[in-house]
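Okay, here's what each chain looks like letter by letter:
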Amino acid sequence: MFLPTIGLEVHIQLKTNTKLFCGCKNSLGMEEKPNFNVCPICFGHPGTLPVLNNSAVDLLIKLALALNCDVPNFTKFDRKNYFYPDLPKGYQISQYDQPLAINGHISLTINNQTTKIRITRLHLEEDAGKLLHESHTDYALIDLNRAGTPLIELVTEPDFHSAIEVKTFCQELQLMVRYLHVGYANMEKGQMRCEANISIAKPGDKLGTKVEVKNLNSFKAVERAIEYEIKRQSEALESDETVILETRGWDDTKGTTYHQRKKEEAHDYRYFPEPDLPPLTDLKEKVERIKTEMCELPIQRRERFVSEYELDYKTAYILTSDKKLSGYTENVISELKAWLLTSGLEEGTTEEMWNKHKKKITKSVANWLTVELFKFFNESGATLESLKITAEDFAEFIILIYKGNVNSTSAKKLFEIMLKTGRDPHHILEENDLTQIDDSAEIDKHIAEVINMNATAIQDYKNGKVNAIHFLVGKVVGLTKGRANPDIVREKIISKINHEHVAS
Amino acid sequence: MQFTIKEVEHIAQLSRLSLNEKEKEIYAEQFSKILAYIEKLNMVDTSNVQPTFQITGLTNIERRDSLATTTLSNASSGAEMVEQSPEKEERYIKIKFSQ
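Please read these numbers as outputs of a predicted model, since none were measured by experiment.

**Considering the overall build of chain B**
No. 1: When you go through chain B residue by residue, the secondary structure sums to three helices and three strands.
No. 2: Element order for chain B, N to C, with α for helix and β for strand: α-α-β-α-β-β.
No. 3: Against the compact-globule benchmark of 13 Å for 99 residues, chain B has a radius of gyration of 23 Å, which places it well outside the compact range.
No. 4: Dimensions of chain B, computed from the C-alpha atoms along their principal axes, are close to 55 × 45 × 20 Å.

**Details of the overall build of chain A**
No. 1: The number of helices and strands found in chain A is 15 helices and 16 strands.
No. 2: Here the C-alpha atoms of chain A give a radius of gyration of 31 Å, more than 25% beyond the 23 Å that 2.2 N^0.38 yields for 504 residues.
No. 3: For chain A, the residues scored as buried account for 37% of the 504 residues in total.
No. 4: Within chain A, contacts between residues at least 6 apart in sequence are counted, and of these 69% link residues at least 24 apart.

**Overview of the packing of helix α8 (residues 350-380) of chain A against helix α9 (residues 391-403) of chain A**
All names here are of chain A.
No. 1: The contact between α8 and α9 brings their axes to 11 Å, and the two run at 120 degrees. Taken together, the axis directions place α8 and α9 in an arrangement best described as oblique. Note that α8 runs across α9; the crossing there is right-handed. On α9, the residues that touch Ile 361, Ser 364, Val 365 and Trp 368 of α8 are Ile 398, Ile 401 and Tyr 402.
No. 2: When its residues are assigned to classes, the contact of α8 with α9 shows six nonpolar, one polar and no charged.

**What to know about the sheet that holds strand β5 (residues 91-94) of chain A**
Across a sheet, paired strands are connected by hydrogen bonds in the backbone, their directions being either parallel or antiparallel.
All names here are of chain A.
No. 1: Reading across the sheet, the three strands line up as β5-β4-β15 and stay open at both edges, with antiparallel pairing between neighbours. The sheet is open, and its two borders are formed by β5 and β15 (272-273), each paired with just one other strand.
No. 2: Taken together, the four bridges between strand β4 (residues 78-81) and β5 define a ladder with antiparallel strand orientation. Across the sheet, residue Arg 79 finds its bridge partner in β5, namely Ile 93.

**Looking at the domain arrangement of chain A**
No. 1: Its domain assignment divides chain A into domain 1 (3-292), domain 2 (298-432) and domain 3 (440-503).
No. 2: Its C-alpha centre places domain 1 of chain A at a distance of 40 Å from the equivalent point of domain 2 of chain A.

**A few points about the nonpolar core**
If you look at soluble globular proteins, the nonpolar side chains tend to sit buried side by side.
Residue and element names in this part refer to chain A.
No. 1: Core analysis: the biggest nonpolar cluster contains 74 residues, and Ile 12, Leu 60, Leu 63, Ala 64 and Val 166 have the highest contact counts within it.
No. 2: Ignoring sequence-local partners within four residues, the contact set of Val 166 consists of Ile 6, Leu 8, Phe 160, Ala 196, Val 222 and Ile 226.
No. 3: Core analysis: the second largest hydrophobic core is formed by 26 residues, Tyr 328, Leu 340, Ala 395 and Ile 428 among them.

**A short note on the sheet that holds strand β3 (residues 92-96) of chain B**
No. 1: Spatial ordering of the open sheet is given by β8(A)-β9(A)-β3(B)-β2(B), a layout of four strands whose pairing is antiparallel. Looking at which strands have only one partner, the edges of the open sheet turn out to be β8 (130-132) of chain A together with β2 (88-89) of chain B.
No. 2: As paired elements, strand β9 (residues 139-143) of chain A and β3 of chain B share four bridges and run antiparallel to each other. By the bridge assignment for β3 of chain B, Tyr 139 of chain A is matched with Lys 96 of chain B.

**Focus on unusual backbone geometry**
All names here are of chain A.
No. 1: Not every positive phi belongs to a glycine, and Leu 28 is a case in point at roughly 50 degrees.
No. 2: Looking at where Leu 28 falls in the secondary structure, it is placed in the loop between β1 (3-13) and β2 (52-53).
No. 3: For Leu 28, a count of 20 C-beta atoms within 10 Å corresponds to the buried category.
No. 4: The backbone phi angle of Asp 282 is positive, close to 50 degrees, even though this residue is not glycine.

**A word on the interface of chain A and chain B**
No. 1: Counting residues at the interface gives 37 residues for chain A, matched by 33 residues for chain B.
No. 2: Elements with a minimum of two residues in the side of chain A that touches chain B: β2, α1 (54-66), β9 and β16 (280-281) of chain A.
No. 3: Ranked by residue count, the leading element in the side of chain A that touches chain B is β9 of chain A, at five residues.
No. 4: Residues belonging to the side of chain A that touches chain B are distributed by class as follows: 20 nonpolar, twelve polar and five charged.

**Focus on helix α3 (residues 219-238) of chain A**
An α-helical segment advances 3.6 residues per turn. Residues three or four places apart therefore align on the same side.
All names here are of chain A.
No. 1: An ideal rise of 1.5 Å per residue puts 28 Å on 20 residues; α3 measures up with 29 Å between its terminal C-alpha atoms.
No. 2: Listed as buried for α3 are Ala 221, Val 222, Ala 225, Ile 226, Tyr 228, Glu 229, Ile 230 and Gln 233.
No. 3: Here the buried face of α3 lies against β1, α2 (163-179), β11 (192-201), β12 (211-216), β13 (246-251) and β14 (256-261).
No. 4: The first or second residue beyond α3 is Asp 240, which carries a positive phi of 65 degrees.

**A closer look at the pairing of β13 of chain A**
Residue and element names in this part refer to chain A.
No. 1: With four bridges connecting them, β12 and β13 associate as parallel partners. When the bridges of β13 are listed, Lys 214 appears paired with Gly 249.
No. 2: For the handedness criterion, the β-α-β arrangement of β12, α3 and β13 is classed as left-handed.
No. 3: One ladder, built from five bridges, connects β13 with β14; its direction is antiparallel. Each bridged residue has a counterpart across the sheet, and for Thr 247 the counterpart in β14 is Arg 261.
No. 4: Between the antiparallel neighbours β13 and β14 lie four residues, among them Gly 255 with a positive phi of about 75 degrees.

**A word on the pairing of strand β6 (residues 101-110) of chain A**
All names here are of chain A.
No. 1: In terms of strand pairing, β6 meets strand β7 (residues 113-126) through nine bridges, oriented antiparallel. Counterpart to Ile 106 in the pairing with β7 is Ile 117.
No. 2: Between β6 and the antiparallel strand that follows it, β7, lie two residues; Asn 111 among them carries a positive phi value of about 50 degrees.

**Points about helix α2 (residues 21-41) of chain B**
No. 1: Here α2 of chain B contains 21 residues, and its C-alpha end-to-end distance of 31 Å stays within 8% of the 30 Å for a straight helix at 1.5 Å per residue.
No. 2: Burial of α2 of chain B is sparse: only one of the 21 residues sit out of reach of the surface.

**Regarding the packing of helix α1 (residues 5-15) of chain B against α2 of chain B**
Residue and element names in this part refer to chain B.
No. 1: Their axes nearest at 9 Å, the elements α1 and α2 cross at an angle of 95 degrees. Here α1 lies roughly perpendicular to α2, going by the angle between them. For the pair α1 and α2, the contacting residues are Ile 5, Val 8 and Glu 9 in the first and Lys 24, Tyr 27, Ala 28 and Phe 31 in the second.

**Thoughts on the environment of Leu 336 of chain A**
All names here are of chain A.
No. 1: Structurally, Leu 336 can be placed in helix α7 (residues 323-342).
No. 2: Looking at Leu 336, the number of C-beta atoms within 10 Å reads 25, which means it is buried.
No. 3: Filtering out sequence-adjacent residues up to four positions away, Leu 336 remains in contact with Ile 361, Ala 395, Ile 398 and Ile 399.

**Remarks on the environment of Leu 429 of chain A**
All names here are of chain A.
No. 1: Tracing the backbone through its elements, the reader meets Leu 429 in helix α11 (residues 425-432).
No. 2: For Leu 429, a count of 20 C-beta atoms within 10 Å translates into the label buried.
No. 3: Spatially, the C-alpha atoms of Leu 429 and Val 57 are 53 Å apart, while their sequence positions differ by 372 residues.

Here is what the cut-offs are and how they apply
Residues numbered from 1 in each chain as written. Chains lettered and ligands numbered in written order. Predicted model: local features only at pLDDT ≥ 70, side-chain atom pairs only at ≥ 80, totals over all residues. Helix = DSSP H or I, 4+ residues; strand = E, 2+ residues; numbered from the N terminus. Rg over C-alpha atoms; globule rule 2.2 N^0.38 Å. Buried ≥ 20, exposed ≤ 12 C-beta atoms within 10 Å, placed from the backbone. Contact = placed C-beta atoms within 7 Å. Axes fitted to C-alpha atoms, helices over the stretch in contact; angles between N-to-C directions. Parallel < 35°, antiparallel > 145°, perpendicular 65-115°, else oblique. Left-handed = near helix turned anticlockwise from the far one by under 90°. Nonpolar A, V, L, I, M, F, W, Y, C, P; charged D, E, K, R; others polar. Pairing = 2+ DSSP bridges. Domains from an automatic or database assignment. Core = buried A, V, L, I, M, F, W, Y, C linked by C-beta atoms within 7 Å. Expected span 1.5 Å × (residues − 1). Right-handed = clockwise from strand over helix to strand, strands pointing away.

This is the structure in structure tokens:
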């Protein structure tokens, strides 16, 4: 069997206001018209000069620090020369041998296995424009809106050995980029682009010929393309064929890779230092400042949710898969903690009280968020941004359930109304008559009604058909418009039946 | 060193120039002579000379990432520049292209 070895190259569009080397708006694919956010500089007109965007440097350093990279004290830009219609200057300003960051690493956990992926480098470069060409025509249309967009190019060591490792890395990287506000990293919009270099060899042998695979526009494509390529190369070697050094594109519809062009060697690009941009030196101060501005990373937040809130890893993963959602979750929980400590429900120190109820409370919060709220988002297309329920109201809602003021049926109804109106749960309860009925007399009245009208069901139950109870409970709860506590109703019905049974 | 026709063709491909056979031979010879001249220059001892990559001596020149610093009005700029192209279609620059 063959061992696959895979290295990754990722391009990430940065979320800056302006382009990398000119003051044009950086619209990240959301322009109004072609050739709109452009100027003579990003058009590459003669006599224009680039000037570096300071935000782009900061954003790269932020991501580099999150990936445990070193930032050398000297960095410069270089020209990567080649001709293509979407490259206005005939060269791309990039970084060749002295990039902004080097030697990082990240740990990935897949199925309880941890693997360390080394990050070779991160550097800054400008994006090219867009070439629109319909096959079998003899012309093309050029749109330079995207030309000059700041990119981070991230290169890993060939430390991956499976498609799932690569996909997990890409997903984690996307999440980090979003948490750090470095970019939107939406693959389908081309804001994050992945290329894989794949080779296979017998374990112990030296590395095989590597094939570059491009045009991976989603996480699924990344996984499928790598799996396909591993299979293709394995089959070639098994039939005594050789694997050619080449670039292949991924055809998502056919589910195959196809030959694109032979890979260019570095000397064909004739890299030389960019004369129009002064180098950057003394980066220590900048690095120290950015270190203080670092926010909690997804993996740190995940682990904290597990330890601080006693959530299971899977739930923590879901709640931290969006930074705003994780913030909302924490706000709700902190409201609940504050309530608990002043509620007089328990005695003891604050820590003892919290520790006693914490797991149950956080589990309830997690459940309502990941099940009911997500269901609402999916069905209505709404997002956290448009959510009308404040963290305080959400916490109040959980408290009502926790104290038993609403049963599960009413809770769902209450939640629905909160989602629609954004009003606080107490007012909704009062207005809509949703409070749980615990009044024995009222329940007993309804139970007597139901028992009178459903002799058959009673008989079924007496004959051993235990499920007949559900039917009866449902009827009673229905009579109270869903407000009776089904467990209490059930107990009462059973005891009434037994009581009469004994009596008769 | 003597340039081969294949090497000339490779450089012509990188330059997007099409050469006829006669031109390829002429360039092979001319490139070889130019490189021979560089070989002569290479005989000078430059071990104590730093390559000149930058002539200003400037470092750390950066621009604030703000739309307010954009001096050109983009509304007309893009349309005007596309207008200056030899061929255009709507707001696109049009070029000959075959894959």
